[in-house]
Amino acid sequence: MPALGTNRPGYASVGWLLSRGVALVYLVAFASLAVQIQGLYGSDGILPISSYLEWLRGRGGPEVWQSYPSLLWLGHGDAALAAFCWSGIFASLAWLAGFLPLAAASICWVLYLSLFVVGRVFLSFQWDILLLEAGFLAIFLQPTVIRESFSKPRERSDIVIVLFRWLLFRLMFASGAVKLLSDDPVWWNLTALEYHYWTQPLPTWTAWHAHHLPGWFHRICTGAMFAVELVVPFFVFGPRRPRLLAFAPLVLLQLAIAATGNYTFFNLLTLVLCVSVLDDAALPRWLRARPSADDVRGLWMSATEPASRSVRDSLASAFRVAGRGVAIVLALTLAACGGAQMMARLGQGTRIPWPIARMTEAVAPYHLTSSYGLFAMMTRQRPEIVLEGSRDGQQWTAYEFRWKPGDVTRAPAFVQPHQPRLDWQMWFAALGDYRRNLWLIELQRRLLEGSPPVIALLDRDPFAGDPPRHVRAMLYEYRFTDPQTRRSTGAWWTRQLLRQYSPTQSR
């Protein structure tokens, strides 16, 4: 780590901001999941975790926990699910406040990993694994103190800061590369944004307006996006001035995405990663804090208070050397594994050297590194599933979701950084076949039962607590209306019935 009193820019304040930024994202993620977890994974939910763990144990035997490392093996009832989410909320709040930051960061990571590895489709998003990787790195930014304040943050290891930059590079560069490697013509001819705004999972009202901007403007924006994703990431490892110049376009891209779409906590987390590009000297004066000279003083030091200063200094020096050695080994391992995963994805079959492959395989259950790449293929249609219930099989009433398109006159709204995970999965299911989305059959079964936690995931219960006898899924094609139709009818969408999506389910 940089020595205090030198001219080399330090990372005390940057590390503090990185650390608290990850804590904030954890808080959002746990709070978002807490209000949905019973409907998604509870005993009366769509995919009960208890049943899944029993199934895994039956197939994998007593050692199955090694492939699915989760504390939920110790208890997985409804109370345990709630306790995991609320423990994550309290741990992230403690971390934000600076109380026991090392313990709090570790608890957040263990709890989120425990939920992720058994969460299946509703916890299968790239930002979930991105949070796990960033959260693991953030553990190594934490000092072993009872309380850390912003006024005197500890100096952070520059090795860990570089690992954050490496994660940011992989995320951005891979996201641009997969688009070109997919051979999707709308990326190559820069017309992707003519489809993106109305086909994205959960559009916003601003996306309706952005969709109607001129085509030339869409092409300029797409070209700028490729420049940010494919060129700018290389600057994060360059000299200080180019590295600092890379910060603005990286941030602006995330803000633009967040301004026209609902991408949960992904944009917030990526903005946190962008902080790693900076150093303390680049921060505004009000964000700079005077580093504490007591960088390695922690809980263990309280036992050495009676010892002489020379002994204390020797222990502190040894602690620094050992810590840097661990950081170097960690950096080499994660950098190699993350790089190999990125090359394997981009190289479409590139062989990974066996030592790195073995390391990658060993850390895979813990998701310490992952491959990334968003929106390789641009969807050019918008099929939407509309669930309907009926008591007599003749008159059908639609179930309205809170955030995904349904009623064509309801304005698309902002919901980020919260992620309504059922609404998101309905978008993916509409693009495929119901036989590959059997959770949707379970959803319909729960609607027939009138399951309160599942009904709570929707906007309202159209049957007022008296469940229907039949539920069906109809497939529509949705498109944004044009400005004239919007003015005359007030509708944001037009829709056309395509077919029935899956067989009708009945009690």
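Residues numbered from 1 in each chain as written. Predicted model: local features only at pLDDT ≥ 70, side-chain atom pairs only at ≥ 80, totals over all residues. Heavy atoms only, no water.

Give me the lowdown on the overall build of the protein, citing residues and values where you can.
For the protein, the count of helices and strands is 19 helices and four strands. In the protein, which comprises 507 residues, the proportion classed as buried is 52%. Accessible surface, the protein as shown: approximately 22,300 Å² in total, 62% of it carbon and sulfur. (Helix = DSSP H or I, 4+ residues; strand = E, 2+ residues; numbered from the N terminus. Buried < 20%, exposed > 50% of the residue type's maximum accessible area, 1.4 Å probe, protein only. Areas by Shrake-Rupley, 256 points an atom, 1.4 Å probe, with all protein chains shown as cover.)

Any details on the packing of helix α1 (residues 12-34) against helix α6 (residues 126-139)? Residues and values, ideally.
Orientation of α1 relative to α6, taken along the N-to-C sense of each, is 135°, at an axis distance of 10 Å. What the angle tells us is that α1 and α6 run oblique. Here α1 and α6 pass one another in a crossing that is left-handed. On α6, the residues touching V22, V25, Y26 and A29 of α1 are L131, A134, G135 and A138. Tallied by class, residues from the contact of α1 with α6 come to seven nonpolar, one polar and no charged. (Axes fitted to C-alpha atoms, helices over the stretch in contact; angles between N-to-C directions. Parallel < 35°, antiparallel > 145°, perpendicular 65-115°, else oblique. Left-handed = near helix turned anticlockwise from the far one by under 90°. Contact = heavy atoms within 4.5 Å. Nonpolar A, V, L, I, M, F, W, Y, C, P; charged D, E, K, R; others polar.)

Describe the pattern of salt bridges, listing the residues and the values that go with them.
In the structure shown here, the tally under the stated rule is 17 salt bridges. D466 is paired through a salt bridge with R391; the nearest N and O atoms lie 3.6 Å apart. With D466 in the loop between α18 (452-455) and β3 (470-480) and R391 in the loop between β1 (383-390) and β2 (397-398), this pair connects stretches of sequence that are 75 residues apart. In this structure, E400 and R410 form a salt bridge, with 3.5 Å as the shortest nitrogen-oxygen distance. (Salt bridge = Lys/Arg side-chain N within 4 Å of Asp/Glu carboxyl O.)

Would you mind going over the nonpolar core in detail, with residue names and values included?
Core analysis: the biggest nonpolar cluster contains 134 residues, and I46, F164, L250, I385, L422, W439 and L443 have the highest contact counts within it. A per-element tally of this core places helix α7 (residues 158-181) first, with 15 residues. For L250, the contacting residues outside a window of four places in its chain are L168, M172, V228, V232, V236, C274 and V277. Formed by 13 residues, the second largest nonpolar core is a distinct cluster that contains A210, V386, Y476 and Y478. (Core = buried A, V, L, I, M, F, W, Y, C linked by side-chain atoms within 4.5 Å.)

Outline the packing of aromatic side chains, supporting the account with residue identities and numerical values.
When we look at a pair of aromatic rings, we describe it by the centre distance and by the angle of the planes. If you walk through the whole model with that rule in mind, you get 33 aromatic pairs. Their ring planes at 90° and their centres at 6.0 Å tell us that W216 and F217 sit as a pair that is edge-to-face. Over the ring of W198 we find R479, and its NZ or CZ is 4.3 Å from the ring centre. One Lys or Arg, R495, reaches over the ring of Y476 and ends 4.1 Å from the middle of that ring. (Phe/Tyr/Trp six-rings, centres within 6.5 Å; stacked < 30°, edge-to-face > 60°. Lys NZ or Arg CZ within 6 Å of the ring centre and 35° of its normal.)

Can you explain a nonpolar patch on the surface? Please cite residues and give values.
There is a patch of nonpolar side chains on the surface, built from L213, W216, F217 and I220 and spanning about 400 Å² of accessible area. Mapped onto the elements of the fold, W216 is located in helix α11 (residues 215-230). (Patch = residues over 30% accessible without salt bridge, like charges linked within 9 Å, V, L, I, M, F, W, Y side chains within 5 Å.)

Can you lay out the pairing of β3 for me, pointing to particular residues and giving the numbers?
Regular strands place side chains that alternate from one sheet face to the opposite one. Along β3, eight of the 11 residues are buried, which leaves the element largely enclosed by surrounding structure. Relative to β3, β1 runs antiparallel, the two being bridged by eight bridges. Counterpart to V386 in the pairing with β3 is M474. Pairing between β3 and strand β4 (residues 493-506): 10 bridges, direction antiparallel. (Pairing = 2+ DSSP bridges.)

Pulling in residues and values, what's your account of the sheet that holds β4?
Overall, antiparallel pairing links the four strands, which are arranged β2-β1-β3-β4 in an open sheet. At either end of the open sheet lies a strand with only one pairing partner, and these are β2 and β4. Strands β1, β3 and β4 of the sheet are contacted by helix α16 (residues 421-430), whose axis makes an angle of about 110° with β1. Along the sheet, helix α17 (residues 439-449) contacts β1, β3 and β4; its crossing angle with β4, the most-contacted strand, is approximately 80°.

Summarise unusual backbone geometry; cite the residues concerned and give the values.
Note the cis peptide between Q416 and P417, where omega equals 5°. Assignment of secondary structure puts P417 in the loop between β2 and α16. In this model, L100 sits at a positive phi of 45°, which is unusual for a non-glycine residue. Within the secondary structure, L100 sits in the loop between α4 (78-97) and α5 (101-116). Look at L100 and you get partly exposed, because its relative accessible area is 40%. Here R120, not a glycine, exhibits a phi torsion of approximately 55°, which is positive.

Report on helix α3 (residues 49-60), specifying residues and quantitative values.
For α3, which comprises 12 residues, the first-to-last C-alpha distance of 16 Å matches the rise-based estimate of 16 Å (1.5 Å per residue) to within 8%. The complete set of buried residues in α3 reads I49, Y52, L53 and L56. For α3, the arc enclosing every buried residue in end-on projection is 95°, short of the 170-degree limit, so these residues lie on one face. Opposite the packed face of α3, turned more than 90 degrees from it, sit the exposed residues E54 and G58. Looking at the residues trailing α3, positive phi occurs at G61, about 80°. (Expected span 1.5 Å × (residues − 1). Arc of directions from axis to C-beta.)

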